[in-house]
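Listed below are the residues making up each chain.
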Amino acid sequence: MQYKDYYQVLGVPKDASSQDIQKAYRSLARKLHPDVNREPDAENRFKEIGEAYEVLHDGEKRKKYDRYGAAWKQAQSSGSPHQAAEGFPFEFTPGSGNFDFGSTGFSSFFEMLFGDEVQFTNRPGGTTARRVRVPRGGRDLESTLRVKLEDLASGGKRRVDMLDPTTGKRTSIDVTLPRGVLPKQRIRLAGKGEPGTDGQPGDLLLQIEVEPHPRLTLEGRDLSCDVPISPWLAALGGTAAVPTLEGPVQIRILAGSSTGRRIRLRGKGLPNPAGVAGDLLAELKIVMPETIAPQERELYERLRDLAQPAPAADSA
């Protein structure tokens, strides 16, 4: 099992706060998103930081990761690395030769071990055990499905590449994504879980995780974004482009606008199958050009002089 240092992936120390982890993740996501970064390894690095953020921003997962390292996922599902590594409902103390069957009991242990029911018969010469083959359904399995923000809005069928929980290999499956589904919600795929023993297979539960968007941030069903505008547009007014899930739209900028002013675009957030769609909040950010021409500098100096109050006249 290969160990990944998620702290190193995000470039944060091990005692980093959740806010620092989120800030580092968003910064890297904007740089490595495949839509804006065309480097050959950008997509793999983007997936890697997403994996690291998924673990470190979750308090319980982070505790498991800090304690068990590469075995954190097994510890997450079973509560113990020994238990997870063996796949049996008991604890084994290394070096002692002792097994603790806990609440499962001796019979339950053999049922887990052999996949059969064990019947015990008391006889004068002792107790005998007989294995009885019984059909058993497979367990439900859980995995994560990472989708784009646009996919949450449009829904529909998607062919996704994911890690098969039963084999550990990469596989492609067809998933019907409900329109307006939210992150952390689950989609149940019947019969795609653990194979049964002469019984029905379990289900696969996919928890939705959304990939970061280069411009838009999801908050509930509302979207938010920064809208960079020039100083002269803020002063004189005009129009500016705002990104939405359906494409850019033009909004009106009032003369005398300041950084931090928010403009609400109703219904431009994530759709809601059961009610009203979310809104999009566009926050204005006045941005200066990195360089200005001599003529532009002269105009700024004249503007500065005009804006300064006239000196008070000396009283006689």
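Structure: above.
Student: Please clarify how the pattern of salt bridges should be interpreted in this entry.
Tutor: Side-chain pairs of opposite charge can arise where the charged atoms are in close proximity. Evaluation of the coordinates by the stated rule reveals 15 salt bridges. Of the charged contacts in the structure, one is a salt bridge between Glu301 and Arg297, with a shortest N-O distance of 3.5 Å. Here the residue Glu301 and the residue Arg297 both occupy positions in helix H10 (residues 294-307), the gap between them amounting to four residues, near one helical turn. Residue Asp305 pairs with Arg304 through a salt bridge whose shortest N-O separation is 3.4 Å. Relative accessible area serves as the criterion here: at 43%, Asp305 is assigned to the partly exposed category. Connected via shared salt-bridge partners are Asp140, Arg188 and Asp203.

Student: Would you mind going over the nonpolar core with me for this structure?
Tutor: Note that soluble globular proteins tend to have their nonpolar side chains buried in a common cluster. By size, the foremost hydrophobic cluster in this structure holds 34 residues, and its most contacted members are Leu145, Val175, Ile208, Val227, Ile229, Ile253 and Leu280. Among the elements that line this core, the one with the most residues is strand E11 (residues 222-229), at four residues. When residues no more than four places from it in sequence are discounted, the contact partners of Val227 are Ala240, Ala241, Val242, Ala282, Glu283, Leu284 and Lys285. Ranked by size, the runner-up nonpolar core spans 17 residues in total, among them Tyr25, Ala29, Ala52 and Tyr53.

Student: Looking at this structure, how should I read empty space enclosed by the protein?
Tutor: Summed over all chains, the structure comprises one cavity of 30 Å³ or more. Considered as a void within the structure, the largest cavity measures approximately 50 Å³ in volume. Taken together, His33, Asp35, Lys148, Leu149, Glu150, Glu211, Pro212, His213 and Pro214 make up the full set of residues lining the largest cavity. Of the residues that constitute the lining of the largest cavity, the class distribution is three nonpolar, two polar and four charged.

What counts, and where the lines are drawn
Residues numbered from 1 in each chain as written. Predicted model: local features only at pLDDT ≥ 70, side-chain atom pairs only at ≥ 80, totals over all residues. Heavy atoms only, no water. Salt bridge = Lys/Arg side-chain N within 4 Å of Asp/Glu carboxyl O. Helix = DSSP H or I, 4+ residues; strand = E, 2+ residues; numbered from the N terminus. Buried < 20%, exposed > 50% of the residue type's maximum accessible area, 1.4 Å probe, protein only. Core = buried A, V, L, I, M, F, W, Y, C linked by side-chain atoms within 4.5 Å. Contact = heavy atoms within 4.5 Å. 1 Å grid on protein atoms, 1.4 Å probe; cavity = no way out; pocket = protein on both sides within 12 Å on 5 of 7 lines; lining within 4 Å. Points joined across faces, edges and corners; volume = space filled by probe spheres on them. Nonpolar A, V, L, I, M, F, W, Y, C, P; charged D, E, K, R; others polar.

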